[in-house]
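For reference, the chains in residue letters:
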Amino acid sequence: MAKKVMSRKTSSVSVPPKVPTQQIGIVIFVLVGLGLAVLIGAQKLTQLVNPEEATPTQEEALTLPEGWKVQENSGEDERILFQAYKEVTTVEAGEPMTTGVTPSVTALVSPFPEGAEPEAYTQQLFEAAKGSLPSLEYTQNDFNSNGDIAARRLRGTLEMNKEKIGFKQQIYIHDGQVYTFTALFPDDENSTVSTEVEIIFDQVLGQLGL
Amino acid sequence: MQDEFNPLLESLKMSLGDILGATTWPGTGVVDESTASLPNNLHATQMQLSLPALAKEWQIYQGEQIGQDWVVGDTEVSRLPTASGTVLYGHNTDSVFGRVHTLPWGATAQLNDGQETKTYRLAHTRIINSDYTPLEKIEYTDGELTLITCRDADSPWRVIFTFKLAPTQE
């Protein structure tokens, strides 16, 4: 059997020494690894040097239900912890207008009065709100205390432009602070917005470590 | 209780924002009388009102609007921000304006704005249906003190007591 002879070109040009593919792979792997390490290290360093700059915005950190937008806080009112609203879609021609309310969530932080007792304090806030606004009707008022967190959950309706609006309010007392959440939404049993606001409440609470 | 912060009311106010269109009359009628002063975000003004015939005296608070509603304190008298005159509202309970209807014509009311005290005399009373007469339709004039309360609980009827400035005695 004739041995196949491979012809070999002779040339005066020098040929670089052959580098094994495996070694190239290792070098690329090491370089990519080093690049990632530098990137991660820079981020960590930024966090250490300037924690505020490195903190993601609320919108980045929270996964809001579809259509919800974080409302940028002008920073003038330090009590405002978080505000979001749901963009109202335009009503198609021929479809009935169901509600005029823009669903929204507002979270405030305020100091817990010294010497106050959480259950009595939150009940007093509830009584004051109920008595102060004639169109406010509370249909739910539950209080519970779990360890170092006390919570009162309220639900009801209020009237605006002769239309009923649903609302949920939750007060959390923890570590000398009062966190108050309020959500407005259409007073419609078929609407999912009242569930969406609870998801947002939970996410903000999660961020607060509550 | 003065200037006590109520986050439930404040967050409702922030959520509702400024509502365009007509505002409602203050809902001053109550079924259950409360004499407790609760945290309702009302801010005290320099003004004080007294009705000597009823032996009553009140600190006046700045009227606060949440959505289309006016905040009505259990025991507080608040001032509507009108362009002219002085217009005050409060519950129709014994501790607030519940006995004003018993005053005879000419009964005096004294208003101190923090600097001087002016005396007014009860001149006339009107009952209006708030469902048909918007708050903005009522005109007030300088030199008049107007007190507004509800005729009864959960009712559209509002009683408006108008006091006219009494001539100063030399």
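It should be emphasised that the depicted structure is a prediction, and the values quoted were computed from it without experimental measurement.

### Focus on the overall build of chain B
Thinking step 1. A tally of helices and strands in chain B yields one helix and 10 strands.
Thinking step 2. From first element to last, N terminus to C terminus, chain B shows the α and β order α-β-β-β-β-β-β-β-β-β-β.
Thinking step 3. Rg of the C-alpha trace for chain B: 16 Å, near the compact-globule value of 15 Å for 170 residues, within the 12% margin.
Thinking step 4. Taken over 170 residues, chain B has a buried fraction of 37%.
Thinking step 5. Considering only intrachain contacts with a sequence separation of at least 6, the fraction spanning at least 24 residues in chain B is 63%.

### Focus: the overall build of chain A
Thinking step 1. The helix and strand tally for chain A stands at five helices and seven strands.
Thinking step 2. The order of helices and strands in chain A, counted from the N terminus, is α-α-α-β-β-β-α-β-β-β-β-α.
Thinking step 3. Looking at chain A as a whole, 23% of its 210 residues qualify as buried.
Thinking step 4. Sequence-distant contacts in chain A: of pairs separated by 6 or more residues, those separated by 24 or more amount to 45%.

### Some details on the interface of chain B and chain A
The extent of an interface is frequently quoted as the accessible surface area lost upon association of the parts.
Thinking step 1. Contact residues are listed per partner, giving 25 residues for chain B and 23 residues for chain A.
Thinking step 2. Among the elements that line the side of chain B that touches chain A, the one with the most residues is helix H1 (residues 7–16) of chain B, at eight residues.
Thinking step 3. Across the side of chain B that touches chain A, the residue classes break down as 12 nonpolar, 10 polar and three charged.

### Observations concerning the pairing of strand S6 (residues 163–174) of chain A
Residue and element names in this part refer to chain A.
Thinking step 1. Strand direction decides the pairing type here: strand S5 (residues 149–160) and S6, joined by 11 bridges, are antiparallel. Bridging from a neighbouring strand, Arg152 pairs with Ile171 of S6.
Thinking step 2. Taking the residues that link successive antiparallel strands as the turn, the S5-S6 hairpin has two residues, and the phi of Asn161 there is positive, at about 50°.
Thinking step 3. Here S6 pairs with strand S7 (residues 177–186) via 10 bridges, running antiparallel. Looking at the pairing, Ile165 lines up with Pro186 of S7.

### Section: the environment of Ile173 of chain A
Residues and elements named next belong to chain A.
Thinking step 1. Residue placement: Ile173 occurs in strand S6.
Thinking step 2. Exposure remark for Ile173: the 23 C-beta atoms within 10 Å place this residue in the buried category.
Thinking step 3. Taking the C-alpha atoms as reference, Ile173 lies 18 Å from Arg155; in sequence the two are 18 residues apart.
Thinking step 4. Leave out the neighbours within four places in its chain, and Ile173 touches Phe112, Pro118, Ala150 and Val178.

### Details of the nonpolar core
Residue and element names in this part refer to chain A.
Thinking step 1. Of all hydrophobic cores here, the largest spans 63 residues; its most connected members are Ala107 and Ala129.
Thinking step 2. The element that contributes the greatest number of residues to this core is S7, accounting for six residues.
Thinking step 3. If near-sequence neighbours (up to four positions away) are discounted, Ala107 is found in contact with Leu81, Phe82, Tyr179, Thr180, Phe181 and Val204.

### Observations concerning the confidence of the model for chain B
Thinking step 1. Averaged over every residue, the pLDDT of chain B is 87; the share at 70 or more is 90%.
Thinking step 2. No element of chain B has a lower mean pLDDT than strand S4 (residues 69–70) of chain B, which averages 86, and none a higher one than strand S7 (residues 108–112) of chain B, which averages 97.

### Section: the sheet that holds strand S4 (residues 137–146) of chain A
Residue and element names in this part refer to chain A.
Thinking step 1. With respect to topology, seven strands assemble into an open sheet ordered S1-S2-S3-S7-S6-S5-S4, the strand pairing being antiparallel. Each of the sheet's edge strands pairs with one partner strand only, and the pair in question is strand S1 (68–70) and S4. Geometrically, the sheet is characterised by an average inter-axis angle of 15° between neighbouring strands, direction not taken into account.
Thinking step 2. Bridge count between S1 and strand S2 (residues 80–86): three bridges; the pairing is antiparallel. Note that in S2 the partner of Val70 across the bridge is Ala84.
Thinking step 3. Relative to the sheet, helix H4 (residues 118–132) contacts S4, S5 and S6, its axis offset from that of S4 by approximately 170°.
Thinking step 4. The strands touched by helix H5 (residues 193–208) are S1, S2, strand S3 (104–111), S6 and S7; relative to S7, the strand with the most contacts, the crossing angle is about 160°.

### Points about the sheet that holds strand S10 (residues 157–165) of chain B
Residue and element names in this part refer to chain B.
Thinking step 1. Strand order around the closed barrel formed by eight strands is S1-S2-S5-S6-S9-S10-S8-S7, with mixed pairing between neighbours. Across this sheet, the average inter-strand angle for adjacent strands is 35°, counted without regard to direction.
Thinking step 2. When strand S1 (residues 43–51) meets strand S2 (residues 56–62), the two strands line up antiparallel, connected through six bridges. The residue bridging Leu49 from the neighbouring strand is Trp58, located in S2.

### Quick word on the environment of Leu133 of chain A
Thinking step 1. Mapped onto the fold, Leu133 of chain A is located in the loop between H4 and S4.
Thinking step 2. Spatially, the C-alpha atoms of Leu133 of chain A and Lys86 of chain A are 25 Å apart, while their sequence positions differ by 47 residues.
Thinking step 3. If we ignore the near neighbours within four places in the chain, the residues touching Leu133 of chain A are Leu158 of chain A together with Ile66, Asp69 and Val71 of chain B.

### Quick look at the packing of H4 of chain A against H1 of chain B
Thinking step 1. At a minimum axis distance of 8 Å, the contact between H4 of chain A and H1 of chain B shows a crossing angle of 50°. When the axes of H4 of chain A and H1 of chain B are compared, the pair comes out oblique. On H1 of chain B, the residues that touch Leu125, Phe126, Ala129 and Ser132 of chain A of H4 of chain A are Pro7, Leu8 and Leu9 of chain B.

### Observations concerning unusual backbone geometry
All names here are of chain A.
Thinking step 1. Phi is positive for Asp175, which is not a glycine, with a value near 55°.
Thinking step 2. With respect to the helices and strands, Asp175 occurs in the loop between S6 and S7.
Thinking step 3. By C-beta crowding, Asp175 is classed as exposed, having 10 other C-beta atoms within 10 Å.

The rules we used
The residue numbers shown here count from 1 along each chain, following its written sequence. Working convention: letters from A go to chains and numbers from 1 go to ligands, in the order in which they are written. In keeping with the model being predicted, local features are shown solely for residues with a pLDDT of at least 70 and side-chain atom pairs are shown and tallied solely at 80 or more, while totals for entire chains, interfaces and linings include all residues. We count a stretch as a helix when DSSP gives it H or I for four or more residues in a row; a strand needs E for two or more, and each element gets its number in order from the N terminus. We compute the radius of gyration over the C-alpha atoms and compare it with the globule rule, which gives 2.2 Å times the number of residues raised to the power 0.38. Any residue with 12 or fewer other C-beta atoms within 10 Å of its own C-beta is exposed, any with 20 or more is buried, and the rest are partly exposed; the C-beta atoms used are placed from the backbone. We call two residues in contact when their backbone-placed C-beta atoms lie within 7 Å. Nonpolar residues are Ala, Val, Leu, Ile, Met, Phe, Trp, Tyr, Cys and Pro. Charged residues are Asp, Glu, Lys and Arg, and all others, Gly as well, are polar. Pairing between strands requires that DSSP locate at least two bridges from one strand to the other. Any set of buried Ala, Val, Leu, Ile, Met, Phe, Trp, Tyr and Cys residues joined through C-beta atoms within 7 Å is what this text calls a nonpolar core. One confidence number per residue, pLDDT, is output by the predictor and ranges from 0 to 100. Fitted lines through C-alpha atoms serve as axes, helices being fitted only where they are in contact, and the angles separating the N-to-C directions of these axes extend from 0 to 180 degrees. Roughly parallel here means an angle under 35 degrees, roughly antiparallel means over 145, roughly perpendicular means 65 to 115, and every remaining angle is called oblique.

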